[in-house]
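Each chain, written out:
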Amino acid sequence: MNSLHPRIRIVWMLRAIVIGAVVGAVGVGIATAVEGSTTVAVGGAVLVIILGVIHAILRYRNWRYVVGEDAIYLERGVLTEVRTEVPLVRIQHVDSRRSAFERLVGLASTVVYTAGSRGADVTIPGLTPVEADGLRKRLKQLVIDADGEDAV
Amino acid sequence: MKLAPAAIPYRAFQKATSLGITLVFVASIGAGIRIGSPAFLLLVAGILVAAVGYEIAYYKRFSYELTDDTFDIRSGVFSRREREIPYGRIQNVDISRNVLQRLVGLSAVNIETAGGGSTEAVIQYVTEFEGKRLQLDIRRYKRGESTDPDSTDHSERREPDEVLFEIAPSELALSGILSFDPRVPGLIIAVFSGSIPFVSPIIPVDAPPLVLMVIFAILLAGGMVLAWIVGAISAVVNYWGFRLTRSEDELRYERGLLQRYSGTIPFDKIQAMTIKDNPLKRRAGYATLAVETAGYAPGQASGRGSEAAVPIASRQRVEQLANEIAPYEQPMFRQPPKRIRRRYLARYLIALGAIAAVVYGLAFWFGTAAVPWYLLVVAALLTPIAAHYKWIHRGYSLGENHLITRNGFWSRETKLVAYYRIQTVLDTRTIFQRRWSVATVIADTAGSLSLLGTDAAAVDIDQRDAEQLREELTERLRDALADRRRQRAGGFEWLGADDTDPAAELADEQSPVESEGNAGRESDTQKPDEQTNTDRDDDSTN
């Protein structure tokens, strides 16, 4: 079982801070428009950020994945724990991608797509760019080896 | 090949009408345009000419062709597009004809593949004959049969389709009566909630609470009756003359009163089957069957879900039909642990508590103290029964080739998913489920109905069972895939219908009527053909 790169917590925390900032800005805007107090808005923003940071830490702790011989297995989730098993034969295509935050801390994610409807795309975040590329290539090879069974 | 020439005037008419309606609307809201003024008439004439001109260009540009391995479409007036769809990727070929199109003899053909959000090939419009020919020819090319245009008609006559289901007038009437669309009351409330400020002066707020309640009850009942009538009419219109036939490797359906639909569903593209019923239908011994493919985008199938649904038939007939499409054995449902009933009970009591809070809040707001508390007490007494029934209808069953799950009391769904159709297996535990140490295992397929969140799911089973089930399902998927691959590599006599459920195939060849109990035989007959039976043992059949 692999866990993610610890720096992914920074990405998630940054995301929470941005969301908190947006919430705070909107709240303060409304408060000034109706001439109410801005404390509630600021408090809300701080709460969002605190919850986001806690969520990021717990999320990192609960994230596990392993690329097995014929399936990818993932375990994640804070409030709702989800374990997903993605058979390699079902993979349609694989992306590796880097968001702005991820580039900031030098990380990347790999996204695995299936034809399914619920878990149609499975993201493995918190990889180093080299790992992400390597995973993509390895999955590609495994999928080719797993052979041309119709995926739908 | 070209579209039908009659498509030009029809399409132009269609476009001009919609434009005309917009214009009249704009004029009627007083945008300074007077209907009847010369400028307006000129505008209308101009639009008509433009519409006809565009449609002529569209007709000239649009061509399609059946090549040896792809279906090609070239289209587009301003931006051109060439599209090639491999036959093997085609999921459904649907034909629809509304009243007007039937009068002028036109058909719209839609070809669906699994990818993308919308229909991949829309051919508007060809003649009725050409539409049918397309359907048949695509099927033939898919099988890789000879494509001599002269022989097509003969070969089709040779294999008459076996009628699986034909709706009887009584069944149609029943489906109308028993179909209650729960979305309609919601819609009515949504539409009319905007008019509450206008209505509220009429309602005597100061009337005694009993009168208020009666008014409310009458409104509610009226909404229900309206919903029921709408549901009944739409069911009858949709399923008028429903017919389901099977050919060697496809299901075909036909239905519709005003708009006539017909389509094909290849057996090898069926993802899942759902048998639906509600307490009323269960009591009367009826059920509904839906066949899912990956072809339809959500909400596309005219809002009534899967196209190939048997609206209503006796439960026995539905099960027989499902068995003919994909043989499965009678499920032995394993239920969630009994303790979970307490969870449902708690859930219902909390919901009831919330309702009580709202009711008392409203009573306080309106200054009336008379709350029908006895109703709340009755509801509270009923919750244990409701919890029990919710539990009793839940379960999953691991068959030889299928995972079967069942959920719901008011609208009970029994889902059949072949192991080799599973895409991913999920095992989720919400924070509340963890308290009861239960989990939900979901077998995700590429079906389209699943997009509405109704995958085959074993809900609230014990966490250890969940873990086992998840592993079991992935294992069975792997074995089923290995089986199928071996069959493809080894059994050349199956190549003619390469993806069809082998058990169904066998049933076809040996005894066309009876198809039950073939699942076991299949593996035996397959054995001599196996060439690569080295890497696995046959535990999938246990």
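Read on for a plain summary of the structure.

Further remarks concern the overall build of chain B. For chain B, the count of helices and strands is 17 helices and 19 strands. Split into buried and exposed, the 542 residues of chain B put 46% on the buried side. Excluding contacts between residues fewer than 6 apart, the proportion of contacts in chain B whose partners are at least 24 apart in sequence is 61%. If you sum the accessible surface of chain B, you get close to 27600 Å²; carbon and sulfur atoms cover 63% of it.

Scanning chain A from N- to C-terminus turns up 4 helices and 6 strands. When the elements of chain A are put in sequence order from the N terminus, they spell out α-α-β-β-β-β-α-β-β-α. The C-alpha atoms of chain A give 19 Å as radius of gyration, which overshoots the globular expectation for 152 residues (15 Å, by more than 25%). With the C-alpha coordinates of chain A rotated into their principal frame, the extents come out at 65 × 30 × 25 Å. Relative to its full complement of 152 residues, chain A shows a buried share of 39%. By sequence separation, contacts in chain A at least 24 residues apart represent 49% of the contacts at least 6 residues apart. Accessible area for chain A stands at about 7800 Å²; split by element, carbon and sulfur atoms hold 61% of it.

The subject of this paragraph is the sheet that holds strand E3 (residues 81-86) of chain B. Residue and element names in this part refer to chain B. Strand order in the open sheet formed by 3 strands is E1-E2-E3, and the pairing between neighbours is antiparallel. The open sheet terminates on both sides in strands that have one partner only, identified here as strand E1 (63-66) and E3. Here the strands of the sheet are splayed against their neighbours by 10 degrees on average, with no regard to which way each runs. Pairing geometry for E1 and strand E2 (residues 70-75), over 4 bridges, is antiparallel.

Structurally, Val291 of chain B is set in strand E12 (residues 286-293). Spatially, the C-alpha atoms of Val291 of chain B and Ala272 of chain B are 6.2 Å apart, while their sequence positions differ by 19 residues.

Residues and elements named next belong to chain B. The N-to-C vectors of helix H1 (residues 7-28) and helix H2 (residues 38-61) enclose an angle of 145 degrees; their axes lie 9 Å apart at closest approach. H2 is crossed by H1, and the crossing has right-handed handedness. Across the interface between the two elements, Ile8, Arg11, Ala12, Lys15, Ala16, Leu19 and Leu23 of H1 pack against Phe40, Leu43, Val44, Ile47, Leu48, Ala51, Val52, Tyr54, Glu55, Ile56, Tyr58 and Tyr59 of H2. Considering only residue class, the contact of H1 with H2 consists of 16 nonpolar, no polar and 3 charged.

Before going further, it helps to examine the packing of aromatic side chains. Residues and elements named next belong to chain B. Going through the model one piece at a time under the given rule, you end up with 10 aromatic pairs over all chains. Aromatic side chains Tyr239 and Phe242 sit 6.0 Å apart centroid to centroid with 70 degrees between the ring planes, which places their arrangement in the edge-to-face category. For the pair formed by Tyr239 and Phe242, the shared burial category is buried. An aromatic cluster of at least three residues, connected via ring pairs, comprises Tyr54, Tyr58, Phe62 and Phe78. Cation over ring: Arg11 sits above Tyr58, and NZ or CZ is 3.8 Å from the ring centre. Directly above the aromatic system of Phe333 lies the positively charged group of Arg406, at a separation of 4.3 Å from the ring centroid.

Residues and elements named next belong to chain B. For E2, a buried count of 5 out of 6 residues is recorded, marking the element as mostly surrounded by other parts of the structure. Between E1 and E2, which pair antiparallel one after the other, the connecting turn spans 3 residues. Bridging between E2 and E3 involves 6 bridges; their strand directions are antiparallel. Bridged to Arg74 within E3 is Glu82. Hairpin connection between E2 and E3: a loop of 5 residues separates the two successive antiparallel strands, and Gly76 in this loop has a positive phi of roughly 110 degrees.

Turning to the environment of Tyr253 of chain B, a few remarks are in order. Residues and elements named next belong to chain B. Relative to the assigned elements, Tyr253 resides in strand E9 (residues 250-255). The class of Tyr253 is buried, set by a relative accessible area of 2%. Once the C-alpha coordinates of Tyr253 and Glu65 are considered, the two residues, 188 residues apart in sequence, prove to be 25 Å apart. Within the structure, Tyr253 has its side chain in polar contact with the side chain of Asp94 (distance 2.7 Å).

Turning our eyes to something else, we now look at the packing of helix H12 (residues 340-366) of chain B against helix H13 (residues 373-392) of chain B. All names here are of chain B. It is the contact of H12 with H13, at a shortest axis distance of 8 Å, that shows an interaxial angle of 155 degrees. In terms of axis orientation, H12 runs roughly antiparallel to H13. In the crossing of H12 with H13, the sense of the turn from one axis to the other is right-handed. Of the residues in H13, those in contact with Ile340, Arg341, Tyr344, Leu345, Arg347, Tyr348, Leu349, Leu352, Ala356 and Tyr360 of H12 are Trp373, Leu376, Ala379, Ala380, Thr383, Pro384, Ala386, Ala387, His388, Lys390 and Trp391. Of the residues contributing to the contact of H12 with H13, the split by class is 16 nonpolar, 2 polar and 3 charged.

Residue and element names in this part refer to chain A. Across the sheet, which stays open at both edges, the 3 strands sit in the order E4-E5-E6 with antiparallel pairing between neighbours. One side of each edge strand has no neighbouring strand; the edge strands of this open sheet are strand E4 (91-97) and strand E6 (121-127). For this sheet the average axis-to-axis angle between neighbouring strands, irrespective of direction, equals 15 degrees. Across 6 bridges, the pairing between E4 and strand E5 (residues 108-114) is antiparallel.

Membership of the largest hydrophobic core comes to 30 residues, with the highest contact counts inside it found for Phe165, Leu251, Met273 and Leu289 of chain B. In this view, Met273 of chain B contacts Leu289, Ala290, Val291, Ala322, Ile325, Ala326, Thr414, Lys415 and Leu416 of chain B; residues no more than four positions away in its chain are not counted. In terms of nonpolar packing, the next biggest core, distinct from the first, is built from 25 residues, Trp12, Trp63, Leu88 and Val122 of chain A among them.

Moving on, we get to the pattern of salt bridges. Tallied over the entire structure, the rule returns 35 salt bridges over all chains. In this structure, Lys132 of chain B engages Glu128 of chain B in a salt bridge whose closest nitrogen and oxygen atoms are separated by 3.6 Å. Residue Lys132 of chain B and its partner Glu128 of chain B are located together in helix H4 (residues 128-142), separated by 4 residues, close to a single helical turn. In the salt-bridge network here, residues are joined through shared partners; they are Glu81, Arg83 and Glu85 of chain A together with Asp427, Arg429, Arg434, Glu467, Arg470 and Glu471 of chain B.

It is worth spelling out unusual backbone geometry at this point. With an omega dihedral of -5 degrees, the bond running from Gln124 of chain B to Tyr125 of chain B counts as a cis peptide bond. With respect to the element layout, Tyr125 of chain B can be found in strand E6 (residues 121-127). The phi torsion at Glu35 of chain A lies on the positive side, around 55 degrees, for a residue other than glycine. Mapping Glu35 of chain A onto the fold places it in the loop between helix H1 (8-33) and helix H2 (39-62). The backbone of Ser437 of chain B sits at a positive phi, close to 45 degrees, despite the residue not being glycine.

To continue, consider a nonpolar patch on the surface. On the surface, Val42, Val46, Leu47, Ile50, Leu51, Ile54 and Leu58 of chain A cluster together into a nonpolar patch covering about 590 Å² of accessible area. Tracing the sequence through the fold places Val42 of chain A in helix H2.

Scoring rules and cut-offs
Residues numbered from 1 in each chain as written. Chains lettered and ligands numbered in written order. Predicted model: local features only at pLDDT ≥ 70, side-chain atom pairs only at ≥ 80, totals over all residues. Heavy atoms only, no water. Helix = DSSP H or I, 4+ residues; strand = E, 2+ residues; numbered from the N terminus. Buried < 20%, exposed > 50% of the residue type's maximum accessible area, 1.4 Å probe, protein only. Contact = heavy atoms within 4.5 Å. Areas by Shrake-Rupley, 256 points an atom, 1.4 Å probe, with all protein chains shown as cover. Rg over C-alpha atoms; globule rule 2.2 N^0.38 Å. Pairing = 2+ DSSP bridges. Axes fitted to C-alpha atoms, helices over the stretch in contact; angles between N-to-C directions. Left-handed = near helix turned anticlockwise from the far one by under 90°. Nonpolar A, V, L, I, M, F, W, Y, C, P; charged D, E, K, R; others polar. Phe/Tyr/Trp six-rings, centres within 6.5 Å; stacked < 30°, edge-to-face > 60°. Lys NZ or Arg CZ within 6 Å of the ring centre and 35° of its normal. Polar contact = N/O pair within 3.5 Å; in protein donor to acceptor, adjacent residues only side chain to side chain. Parallel < 35°, antiparallel > 145°, perpendicular 65-115°, else oblique. Core = buried A, V, L, I, M, F, W, Y, C linked by side-chain atoms within 4.5 Å. Salt bridge = Lys/Arg side-chain N within 4 Å of Asp/Glu carboxyl O. Patch = residues over 30% accessible without salt bridge, like charges linked within 9 Å, V, L, I, M, F, W, Y side chains within 5 Å.

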